[in-house]
Amino acid sequence: MNAQQGSASSAEIRPFHVEVPEAEVADMRRRIKATRLPEKEPVADFSQGVPFATIDKLTRYWGTEYNWRKAEAKLNAFPNFLTEIDGLDIHFVHARSKHKNALPVLVAHGWPGSVIEQLKIIEPLINPTAFGGTEADAFHVVVPDMPGYGYSGKPTATGWGPERIARAYAVLMKRLGYTRYVAQGGDWGAVVVDLMALQDNPDLIGIHTNMAGAVPPEIDKAAFGGAPPPADLSAEEKVAYDMLAFTYKNVQYAFYMASRPQTLYAIADSPVGLAAWLLDHDPRSLEMIARSFDGVPEGLTPDDVLDNCSYFWLTNTGVSSSRLYRENAISYFATKGVKIPTAISVFPDELYRVPRSWAEKAYPKLIHFNKLPKGGHFAAWEQPKFFTEELRAGFKSLRS
Amino acid sequence: MKAIAEQINSTPSAVRPFRVEVSEADLSDLRQRIKATRMPEKEPVADLSQGVPLSTIEKLRRYWANEYDWRKCEATLNAVPNFVTEIDGLDIHFIHVRSKHENALPIIVTHGWPYSVAALLKIIEPLTNPTAHGGTASDAFHVVMPSIPGYGFSGKPASTGWGPERIGRAWAVLMNRLSYTRYVAQGGDWGAIITDLMAAQAPPGLIGMHTNMPGVVPPEIDKLLWAGSPLPTGLSANEKLACDMLAVAYKKVHYAFYMASRPQTLYGIADSPVGLAAWMVDFPFGLDMMVRIIDGLPESLTRDDLLDNCTLYWLTNTGVSSSRLYRENTFNYFSPKGVNIPVAVSVFPDEIYQAPRSWAEKAYPKLIHYKRVAKGGHFAAWEQPTIFTEEVRAGFRPLRA
């Protein structure tokens, strides 16, 4: 009786508006201004983490000039919704194209990302004729926050790994009435989208990934363990191997979050501590963000970065987002066995550059493979134009 | 020019008296921050598998903000003579307590992470004044307890290079400066590694060492353990037990790997006292004990013990600077360091691993004492000061003339 009522009401799609009380914004600002910093690092490079000078600049800008309301307005410029799936509220942005043959696409973010990371691509995807494309390039766009991220619910029990998220996303697309759609992802989103592709779901007709899970498992294992590269790699594969091995040496945050997410009380209590933790994702993106705070024009502006940090802070999701690392049981980069059509974009500053040879084996129905001249791990956020073009080109062959 | 250089060179070697005096403003800022702590949600598990439970941290926070009194710890610290002296370009803080017994053996005792001289205070009286603590005049020690660079009231290195080897060399300078020409050294955790390396350096005057975290794991076995590979056959029962404990330990030390990789990124523990305390309390070899302590159950440490130490880290803003030692280190924590001087070993049952005698004999060819004690863990001097004192007395007895 209650169950029926529960499931009937939970399937409801409720409009949602981001409205942070002024008291919370003021509290965030007060905390930022009161930040106690440690001493400067004893090195002149990034080898010990986010440099003091970067954090000092970030703290000053965030505490004085930064305006959260602009980010809020950007979020609310698109329709936001909540719906309960598998017992948990899922927050998502849903922007429909005016073009009736638009292809529905679900865009899955990763860590330390959120819907914020995907806002720049929504307009170009839904309204291609205003952004260098044709009507035939149009998408309906669905961007969910993962469980434990943003305004989605925080799981109160274990079990919300990438596989379950993938199933929830399929439920979401079905609930929105989409019976023929594609999915896109980077970082955790790439893992989720790979896993969506594995699940028996005839409605999902293809995927696009900007962090392909294409590494042969035995090579992934060798890179993880820091073994010397196998002798028979091509030059391109050797580069990928070296980047992968470098990545595995530089993601202690991932291993820590996979081990002790709850102990990260500091990032729930210190906005600047949270920001530093989020900025230090990988050396190349950290250096790019540091240049951005130094005033160098980069793919991400200080406002971009702080929109995302503020979003994590205001939703108190530093710890809850970390738990995904704990929930996960599979390799980030190894092949997952995807059989459906797949489009791949290779951004040069991604954690590793996927060689075509591996991509062809990992994704037997490879419909698109392109190496971009610029961009890194946060491709949609850093290079929205390239990214949009890639999505258009990648899925072109799936449009009837 | 020369005069200035001489002056610079001579002034630093002065041993300056030091008193711990934290301003009331710093204490009220700390209290205010503790009260204003924003917590994350409760962990989605009913055990300790995701880290320090929310309910434990809530209790810790309430006690820290409302009942805890730093001034008591400060008074205990100031009840013994504190000093600062510059060594190798850095101020080193240390406690120095001389025994009234003239034949006392000088000993330098080194702490580790995440603790400090505050965690070693309990053993000072029994070591310097044995006749009042179940010993005889011939058990007496003069006690020197330095704070590691980047820890407590010692200076924070402004450049790299202060690994455990350099600290070991600095300690020999310190003992020399205090005019000790025949002394011993003791350590646990980083202190054990520093003491091992100091012993390997064999500075004139260092006649022996005691460790409660021995570096004795055969390198080839250590390598297999790190890789999770199968172990050689023919291990004794005690060796097998040590391997099993280490295999578990190596899977749990992500905090160490993180600090070894990105110490600077830990801005959160410089800004959040509760975040710092959680980071420090989540010692994976005894978090269950930490939880019971914070629950107020009778354990060998009290809430005040834990918070004295956390508060010391907070007030000196050394969460990040202390982490850098993990980055500086290039030595394997538990492998032999090439010690050839006399060594006394105490094996506490709840240490990260129980060092077997067979390995200890190989790693320390001049093993003068080896004992498996009944009770205690990683923070031996803090948890079991009586047993610890007895071990240090017994361990060094053969070295007394």
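Scoring rules and cut-offs
- All residue numbers refer to position in the chain's written sequence, counted from 1.
- For this description, chains carry letters from A and ligands carry numbers from 1, given in the order in which they are written.
- Per-residue local features of the predicted model are confined to residues with pLDDT of at least 70, and side-chain atom pairs are confined, for both listing and counting, to 80 or more; whole-chain, interface and lining totals are unaffected and use all residues.
- For the side-chain quantities, the full set of heavy atoms in the structure was used; hydrogens and water were omitted.
- Contacts are residue-level and defined by heavy atoms, with any inter-residue pair within 4.5 Å sufficient.
- Accessible area, probed at 1.4 Å, shrinks when two parts are joined; the buried area is that loss added up over both.
- Throughout this description, the term salt bridge denotes a Lys or Arg side-chain nitrogen within 4 Å of a carboxyl oxygen of Asp or Glu.
- Here a polar contact means two N or O atoms within 3.5 Å. Within protein one must be a hydrogen donor candidate and the other an acceptor candidate, and residues neighboring in sequence count only if both atoms are side-chain atoms.
- Secondary structure is summarised from DSSP: a helix means a run of H or I of at least four residues, a strand means a run of E of at least two, and numbering begins at the N terminus for each.
- Each residue is assigned to one of three groups, with Ala, Val, Leu, Ile, Met, Phe, Trp, Tyr, Cys and Pro labelled nonpolar, Asp, Glu, Lys and Arg labelled charged, and all others, Gly among them, labelled polar.
- Paired rings are identified among Phe, Tyr and Trp, the last through its six-membered ring, by centres lying within 6.5 Å, and are further divided according to the angle between planes into stacked (under 30 degrees), edge-to-face (over 60) and tilted (the rest).
- When a residue's accessible area, from a 1.4 Å probe over protein chains only, is under 20% of the maximum for its type it is buried; when over 50% it is exposed; and in between it is partly exposed.
- For a Lys NZ or an Arg CZ to count as sitting over a ring, it must be within 6 Å of the ring centre and within 35 degrees of the ring normal.
- Orientation is described by axes fitted as lines to C-alpha atoms, over the contacting stretch for helices, and by angles from 0 to 180 degrees between their N-to-C directions.
- For classification purposes, an angle smaller than 35 degrees is called roughly parallel, one larger than 145 roughly antiparallel, one from 65 to 115 roughly perpendicular, and anything else oblique.
- At least two bridges found by DSSP between two strands is the condition for calling them paired.
- Each residue carries a pLDDT score, the predictor's own confidence in it, on a scale running from 0 to 100.

A. Main features of the interface of chain B and chain A. With 54 residues of chain B at the contact, the number on the chain A side is 54 residues. Summing the contributions of chain B and of chain A, the shared interface buries around 4600 Å²; its carbon and sulfur component is 50%. Ranking the residues of chain B by area buried against chain A places Arg38, Gln50 and Tyr267 of chain B at the top, with a combined share of 19%. Taken together, the links from chain B to chain A amount to four salt bridges. Taking the shortest distance from any N to any O, the salt bridge between arginine 262 of chain B and aspartate 280 of chain A comes out at 2.8 Å. Connecting chain B to chain A are 42 residue pairs in polar contact (both at pLDDT 80 or more). Secondary-structure elements contributing two or more residues to the side of chain B that touches chain A are helix 2 (24-35), helix 3 (54-66), helix 10 (254-261), helix 11 (267-271), helix 12 (273-281) and helix 15 (319-328) of chain B. When the residues that make up the side of chain B that touches chain A are grouped by side-chain class, the tally is 26 nonpolar, 16 polar and twelve charged.

B. Fine view of the packing of aromatic side chains. Tallied over the full model, the rule gives 41 aromatic pairs over all chains. Arranged with centres 5.8 Å apart and planes meeting at 65 degrees, the rings of tyrosine 248 of chain A and phenylalanine 333 of chain A form a pair that is edge-to-face. Placement of tyrosine 248 of chain A in helix 9 (residues 235-249) and of phenylalanine 333 of chain A in the loop between helix 15 (318-327) and strand 8 (342-346) is noted, with a sequence separation of 85 residues between them. Residues tyrosine 248 of chain A and phenylalanine 333 of chain A agree in their burial class; the two are buried. A centroid spacing of 6.2 Å and a plane angle of 80 degrees characterise the contact between tyrosine 151 of chain B and tyrosine 313 of chain B, whose relative ring orientation is edge-to-face. With tyrosine 151 of chain B in the loop between strand 5 (141-146) and helix 6 (164-177) and tyrosine 313 of chain B in helix 14 (residues 303-315), the pair connects residues that are 162 residues apart, well separated along the chain. Tyrosine 151 of chain B gets classed as buried once you look at its relative accessible area, which sits at 1%. For tyrosine 313 of chain B, a relative accessible area of 3% corresponds to the buried category. Over the aromatic face of tryptophan 162 of chain B sits the side chain of arginine 166 of chain B, whose NZ or CZ is 4.3 Å from the ring centroid.

C. Representation of the packing of helix 4 (residues 68-76) of chain A against helix 14 (residues 302-314) of chain A in the model. All names here are of chain A. At their nearest, the axes of helix 4 and helix 14 sit 10 Å apart, and the two run at 85 degrees to each other. Classed by the angle they form, the pair helix 4 and helix 14 counts as roughly perpendicular. Each of Trp68, Ala71, Lys74 and Leu75 in helix 4 lies in contact with helix 14, whose residues at this interface are Asp307, Ser310, Tyr311 and Leu314. Class assignment for the residues of the contact of helix 4 with helix 14 results in five nonpolar, one polar and two charged.

D. View of the side chain of threonine 263 of chain A. Secondary-structure assignment places threonine 263 of chain A in the loop between helix 10 (252-259) and helix 11 (265-269). For threonine 263 of chain A, a relative accessible area of 1% gives the class buried. Ignoring any residue separated from it by four or fewer positions in sequence, one finds threonine 263 of chain A in contact with Tyr256 of chain A together with Gln50, Gly51, Val52, Ala278, Trp279 and Asp282 of chain B.

E. Layout of the pattern of salt bridges. Residue and element names in this part refer to chain A. One pass over the structure, following the stated rule, counts 38 salt bridges over all chains. Across the salt bridge formed by aspartate 56 and arginine 60, the nearest N and O atoms sit 3.2 Å from each other. A residue pair is termed a helical-turn pair when its members lie 3 or 4 positions apart in one helix, as aspartate 56 and arginine 60 do in helix 3 (residues 52-64) at four residues. For aspartate 56, a relative accessible area of 24% corresponds to the partly exposed category. Under the relative-accessibility criterion, arginine 60 is labelled exposed at 52%. Among the salt bridges present, the one from aspartate 203 reaches lysine 174, with a minimum N-O distance of 3.6 Å. With aspartate 203 in the loop between helix 7 (188-198) and strand 7 (204-209) and lysine 174 in helix 6 (residues 162-175), this residue pair connects regions lying 29 residues apart in the sequence. Owing to a relative accessible area of 57%, lysine 174 belongs among the exposed residues under this scheme. Three or more residues are tied together by salt bridges with common partners; here these are Asp27, Arg30, Arg31 and Asp269.

F. The arrangement of the sheet that holds strand 3 (residues 90-97) of chain B in detail. Residues and elements named next belong to chain B. Taken in spatial order, the nine strands of this open sheet run 1-2-3-5-4-6-7-8-9, and their pairing is mixed. At either margin of the open sheet sits one strand with a lone partner, and together these are strand 1 (15-18) and strand 9 (367-372). Across the sheet, the mean angle separating the axes of adjacent strands is 25 degrees when strand polarity is ignored. Bridge analysis of strand 1 against strand 2 (residues 82-87) gives four bridges, and the strand direction is antiparallel. Within strand 2, the position partnered with proline 17 by the bridge is phenylalanine 83.

G. Region of the structure containing the confidence of the model for chain A. With 98% of its residues at a pLDDT of 70 or more, chain A has an overall mean of 96. Below a pLDDT of 50 lies the segment residues 1-8 of chain A, which in the model reaches zero contacts outside its immediate sequence neighbourhood of four places, other chains included.

H. Spatial organisation of the sheet that holds strand 3 (residues 88-95) of chain A. Residues and elements named next belong to chain A. With mixed pairing, nine strands are arranged side by side in an open sheet as 1-2-3-5-4-6-7-8-9. In this open sheet, the two edge strands, each paired with only one partner strand, are strand 1 (13-16) and strand 9 (366-371). Within the sheet, the average angular offset between the axes of one strand and its neighbour, ignoring direction, is 25 degrees. In terms of strand pairing, strand 8 meets strand 9 through five bridges, oriented parallel. Residue pairing for strand 9: threonine 342 is matched across the bridge by leucine 366. Contacting strand 4 (103-108), strand 5 (139-144), strand 6 (181-185), strand 7, strand 8 and strand 9, helix 18 (residues 384-395) crosses the sheet at an angle of about 145 degrees to strand 7.

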